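Coordinate analysis (summary)
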Amino acid sequence: MAVALVAAGGLIAAAVLRKVGTTAEYLAVSSAVEVGSTIDRSDLSTVRITVDLVLKPIRADAADEVVGKFAAVGLVPGTLLTRGQLTDTAVPNEGEQLVGLSLPQERMPAERVKPGARVLLVVTADDGPVSNQQQTTAAPMSIKATVVDVRAGVKEGTRLLNVAVPERDGPLVASRAAAGRIVVALTTGS
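Computed from a predicted structure; not experimentally measured.

The next thing to look at is the environment of Gly116. Note on placement: Gly116 falls in the loop between β5 (96-104) and β6 (118-123). A C-alpha to C-alpha distance of 9.7 Å links Gly116 and Ala145, two positions 29 residues apart in sequence. In this view, Gly116 contacts Thr146 and Val147; residues no more than four positions away in its chain are not counted.

This is how it looks when you write it as structure tokens:
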């Protein structure tokens, strides 16, 4: 009985070692790819690794399926590539424009604005004098947008948001952002 238990334990250990010790080739990112950019073969490399069952990297033999797709998120060199990082749709979509907003922290929610979030771009009132004929109780103008990318801004205390807006609203958003008249508000489901 003892010999049978030792033999069974040895077989189980060998099976586990064989499963854990199996390596395969997977796709990795070899050069930075911006959100919305087309993925080229030169952006990819292959790595031979043992993958945890929780990870879902793309096998190296699927490289032809990846080339030509768009990056749904910013791809960082040295990371494994997964299907969730890819999209078939160009950013911005048909009928949209991509607008960059450089905003101080107080004009957006703290740490909650992430790529894919649906937001409202609220156009604030002009700081000029208000005449008696202007309605002071009018609701501010707001424009629906989707956050494509979020980064640290060039100026200290600012964040750079790239947002996709309807094409008709692109020039308005760009001009109001340049004048410092945009505030970002998260919407339900963001």
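Taken in spatial order, the five strands line up as β5-β8-β7-β6-β9 in an open sheet, and their pairing is antiparallel. Edge positions in the open sheet fall to β5 and β9 (182-186), since each of these has one partner strand only. Sheet twist, expressed as the mean angle between neighbouring strand axes with direction ignored, is 40 degrees. Bridge count for β5 against strand β8 (residues 158-166) is nine bridges, and the pairing is antiparallel. Residue pairing for β8: Ser102 is matched across the bridge by Leu160.

As for its position among the elements, Gln85 is in the loop between β3 (70-71) and β4 (86-87). In this structure Gln85 comes out as buried when scored by relative accessible area, which is 16%. When neighbours within four sequence positions are excluded, Gln85 is seen to be in contact with Phe70, Ala71, Ala72, Val73, Leu75 and Leu80.

This brings us to the pairing of β8. Inspection of the sheet shows strand β7 (residues 141-152) paired to β8 by six bridges, in the antiparallel sense. Opposite Asp149, over in β8, you have Asn162 as the bridge partner. Connecting β7 to the next strand, β8, in antiparallel fashion are five residues, including Gly157 with a positive phi near 85 degrees.

So, how was this worked out
- Residues numbered from 1 in each chain as written.
- Predicted model: local features only at pLDDT ≥ 70, side-chain atom pairs only at ≥ 80, totals over all residues.
- Heavy atoms only, no water.
- Helix = DSSP H or I, 4+ residues; strand = E, 2+ residues; numbered from the N terminus.
- Contact = heavy atoms within 4.5 Å.
- Pairing = 2+ DSSP bridges.
- Axes fitted to C-alpha atoms, helices over the stretch in contact; angles between N-to-C directions.
- Buried < 20%, exposed > 50% of the residue type's maximum accessible area, 1.4 Å probe, protein only.

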